[in-house]
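Architecture and fold: a report
This is what each chain is made of:
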Amino acid sequence: MRKTEDTFLHKGLRNKLVELLKTKSITDQNVLDAIGAIPRHFFLDSAFDKIAYEDRAFPIDADQTISQPYTVAYQTQLLKIKKGDKVLEIGTGSMYQTAILAAMGAHVYTIERQQALALKTGQFKQIFGNVFPEVHFFYGDGFLGIPQQAPFDKIIITAAAPTVPEKLWEQLKFKGIMVIPVDESDGAQRMLRLTKKKDGLAKRESFEEFSFVPMLEGKAVKK
Ligand code: SAH
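Residues numbered from 1 in each chain as written. Predicted model: local features only at pLDDT ≥ 70, side-chain atom pairs only at ≥ 80, totals over all residues. Heavy atoms only, no water.

**So, the overall build of the chain**
A tally of regular secondary structure across the chain gives seven helices and nine strands. A globule of 223 residues ought to have a C-alpha radius of gyration of about 17 Å, and the chain, at 16 Å, matches this closely. Seen through its C-alpha atoms, the chain measures out along the principal axes to roughly 50 × 40 × 40 Å. By the burial criterion, 52% of the 223 residues in the chain qualify as buried. (Helix = DSSP H or I, 4+ residues; strand = E, 2+ residues; numbered from the N terminus. Rg over C-alpha atoms; globule rule 2.2 N^0.38 Å. Buried < 20%, exposed > 50% of the residue type's maximum accessible area, 1.4 Å probe, protein only.)

Take a look at the structure:
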């Protein structure tokens, strides 16, 4: 990410994006406020400056993507974020989703397996460190979660998971919520919201189909 100007043009485009998301089933005002507040162009290469507020995914380093704003808003809305929630995010990527969660008052613990992306997290601290001190970055395998920091109120997976990772489920609080896109047989992912019941089993709710980059095991090996 990069610190650059946030002009009236950017703000205008951001407001239009918020209006668009309202027409696409995003109703949580806190989510809309966060999308309206966070300059998405900071999280993209300067080549994307003028199109950063289109409702599209874009490429970032290490052949990964910044999720589409609709997807970010959709997952965040399903999480029902409350101020002070301790949230585990798998797939730091561009850090845009991380910033949206932080803007809603969540304490975020986020893991990335690509070193090139993990190395950029210092930039987030430089730019947003004072505003969002409760964001913690980890370089490692998201399948393992962060046992030292468990349990979490909420867990969000931002890559396509083959199944619900057992270790992550263990790190979710009772009554906690996990939002996870799980592979279906046709190559797309089904967005699931799993709420942990008292007996440890999941209340399972199924939502729309999305398309994510894959959740892969281990740290990425350098090419
Ligand atoms: N939340 C990000 C989405 C990035 S795409 C954003 O808003 O930009 C998904 C990310 O998940 C990629 O950066 C990918 O490297 C990462 N990822 C995939 N499998 C992972 C794993 N096992 N542990 C941690 N990160 C993983």
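**Things to note about helix 6 (residues 121–128)**
What sets the pattern is the α-helix's 3.6 residues per turn: residues three or four places apart point alike. Taken residue by residue, helix 6 has Thr121, Phe124, Ile127 and Phe128 as its buried positions. End-on, the buried residues of helix 6 take up no more than an arc of 115 degrees, which puts them together on one face. If you follow the buried residues of helix 6, they end up packed against helix 4 (96–103), helix 5 (115–118) and strand 5 (135–139). (Arc of directions from axis to C-beta. Contact = heavy atoms within 4.5 Å.)

**Details of the pattern of salt bridges**
Enumeration according to the criterion identifies eleven salt bridges in this entry. We note a salt bridge from lysine 24 to aspartate 55, for which the minimum N-O separation is 2.6 Å. Taken together, the residues lysine 24 in the loop between helix 1 (8–23) and helix 2 (29–37) and aspartate 55 in the loop between helix 2 and strand 1 (58–60) connect sequence positions 31 residues apart. A single network of salt bridges, built from pairs that share partners, joins Glu184, Arg190 and Glu209. (Salt bridge = Lys/Arg side-chain N within 4 Å of Asp/Glu carboxyl O.)

**Regarding the site of the ligand**
Around the ligand lies a shell of 26 residues, among which Thr65, Ser94, Glu112, Gly142 and Leu216 are the nearest. Glutamine 97 is positioned such that a nitrogen or oxygen atom in its backbone is 3.4 Å from an oxygen atom of the ligand. Between the ligand and the protein, one listed contact pairs a nitrogen atom with a backbone N or O atom of arginine 113 at 3.4 Å. Starting from 580 Å² of accessible surface for the ligand in isolation, the protein chains cover 99%. Taken together, the elements giving at least two residues each to the shell around the ligand come down to strand 2 (64–66), strand 3 (86–90) and strand 4 (107–112). Take the shell around the ligand: its biggest share by element is three residues, from strand 2. Tallied by class, the residues present in the shell around the ligand amount to ten nonpolar, twelve polar and four charged. (Near = heavy atom within 4 Å. Polar contact = N/O pair within 3.5 Å; in protein donor to acceptor, adjacent residues only side chain to side chain. Areas by Shrake-Rupley, 256 points an atom, 1.4 Å probe, with all protein chains shown as cover. Nonpolar A, V, L, I, M, F, W, Y, C, P; charged D, E, K, R; others polar.)

**Some words on the sheet that holds strand 8 (residues 189–196)**
Read across the sheet, seven strands follow the order 5-4-3-6-7-8-9 without closing on themselves; strand pairing throughout is mixed. Among the strands making up the open sheet, the edge pair consists of strand 5 and strand 9 (202–210). The sheet shows a mean angle of 15 degrees between the axes of neighbouring strands, direction not considered. Packing of helix 3 (residues 69–79) onto the sheet brings it into contact with strand 6 (152–157), strand 7 (172–183), strand 8 and strand 9, and relative to strand 9 it is tilted by some 165 degrees. Running at roughly 170 degrees to strand 4, helix 4 makes contact with strand 3, strand 4, strand 5 and strand 6 of the sheet. (Pairing = 2+ DSSP bridges. Axes fitted to C-alpha atoms, helices over the stretch in contact; angles between N-to-C directions.)

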